[in-house]
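Structural characterization, general
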Amino acid sequence: MTDHRRENRRLWNAWSDDFQAIWNANTAEGEAPPAPSPFGPDAPGGRPAFFDGVEGRDYVELGCGGGQGTVGTADLGAAAAVGVDFSGEQLAHARRLRDFYGVDAQFVQGDVTAVPFADDSFDLASSEAAFQMISDLDGALAEARRVLRDGGVFVLSVPHPLYEGLDADSATFEGSFYPDGPREIIIDEEYGSQMVVFDRRVGELHNALEAAGFDVRRVFEHRHPNVTESDPADSDLPDVLWDVPRSARFWAVAR
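First, a word on scope: everything that follows refers to the structure included in this document. (Residues numbered from 1 in each chain as written. Predicted model: local features only at pLDDT ≥ 70, side-chain atom pairs only at ≥ 80, totals over all residues. Heavy atoms only, no water.)

This next bit is on the packing of helix 4 (residues 137–147) against helix 6 (residues 202–211). Between helix 4 and helix 6, the shortest axis-to-axis distance is 9 Å and the interhelical angle comes to 45°. Comparing the axis directions of helix 4 and helix 6 gives the class oblique. Where helix 4 crosses over helix 6, the handedness of that crossing is right-handed. Along its contact with helix 4, which presents Leu-137, Asp-138 and Leu-141, the element helix 6 presents Leu-205, Ala-208 and Leu-209. (Axes fitted to C-alpha atoms, helices over the stretch in contact; angles between N-to-C directions. Helix = DSSP H or I, 4+ residues; strand = E, 2+ residues; numbered from the N terminus. Parallel < 35°, antiparallel > 145°, perpendicular 65-115°, else oblique. Left-handed = near helix turned anticlockwise from the far one by under 90°. Contact = heavy atoms within 4.5 Å.)

Rendered as structure tokens:
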């Protein structure tokens, strides 16, 4: 395992409890823990017309974290739902979420550049934000293609490079649209590790998906959820957030 992977895994093992507490903040008010599926009707951008549903299909979430996508997709009726992540602490949260919902889902510790499943194991795959932490993008996409059957659907979502380089308070772009290496993010010095990420342009990701054996059918650049649900006049968020996409979401089909 390379140094940046070790650093990211150490960070997520240390940060996991606090991160999931933020994710589940509304449960203190009696709400169920959120488990949104990337294939659900309320997912950013909705579902494209070519997609005919989850029910009866085998699904894997690559970099599943706390298992929200895996559990949400199992709840939609997937025949099999599997989450893969390198953080044991995140997987512990994922298993608790599975038990809360009472769905049939499996969680496996592993790396998305070496997915521990045979070729042609799944009909559906997704990844939310995890591919930003991977240096070997081509290798990870090749693994996603390898475990998908022909015609399988892959939903890849990553933080948008414009958002990642934005200083929202000053409404200025402080990063680089053409980074020449990884970027480090300090979450909290108490964790003792930093997040190492690799910012990539939308076109770069699109081309890499095509080269890995996917047909990209749709690209959707969407605002932050807190923005889409708010009016600028009624929000304390910086106004520039209404003008910049939060993430880029790709719908691709394995060929």
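On we go from here.
Here we come to the packing of helix 1 (residues 3–23) against helix 3 (residues 88–101). Two elements in contact, helix 1 and helix 3, have axes whose closest approach is 7 Å; the angle formed by their N-to-C orientations is 35°. Residues Trp-12, Asn-13, Ser-16, Asp-17, Phe-19 and Gln-20 of helix 1 form the contact with helix 3, whose own contacting residues are Gly-88, Glu-89, Gln-90 and His-93.

Strand order across the open sheet formed by 7 strands is 3-2-1-4-5-11-10, with mixed pairing between neighbours. Two strands lie at the open edges of the sheet, namely strand 3 (106–109) and strand 10 (214–222), each paired on one side alone. Mean inter-strand twist for the sheet, computed between neighbouring axes without regard to direction, equals 15°. As paired elements, strand 10 and strand 11 (residues 247–254) share 8 bridges and run antiparallel to each other. Its bridge partner being in strand 11, Phe-214 is matched across the sheet by Ala-254. Taken strand by strand, helix 2 (residues 68–75) contacts strand 1 (58–62), strand 2 (80–85) and strand 3, and its axis lies near 165° from that of strand 1. (Pairing = 2+ DSSP bridges.)

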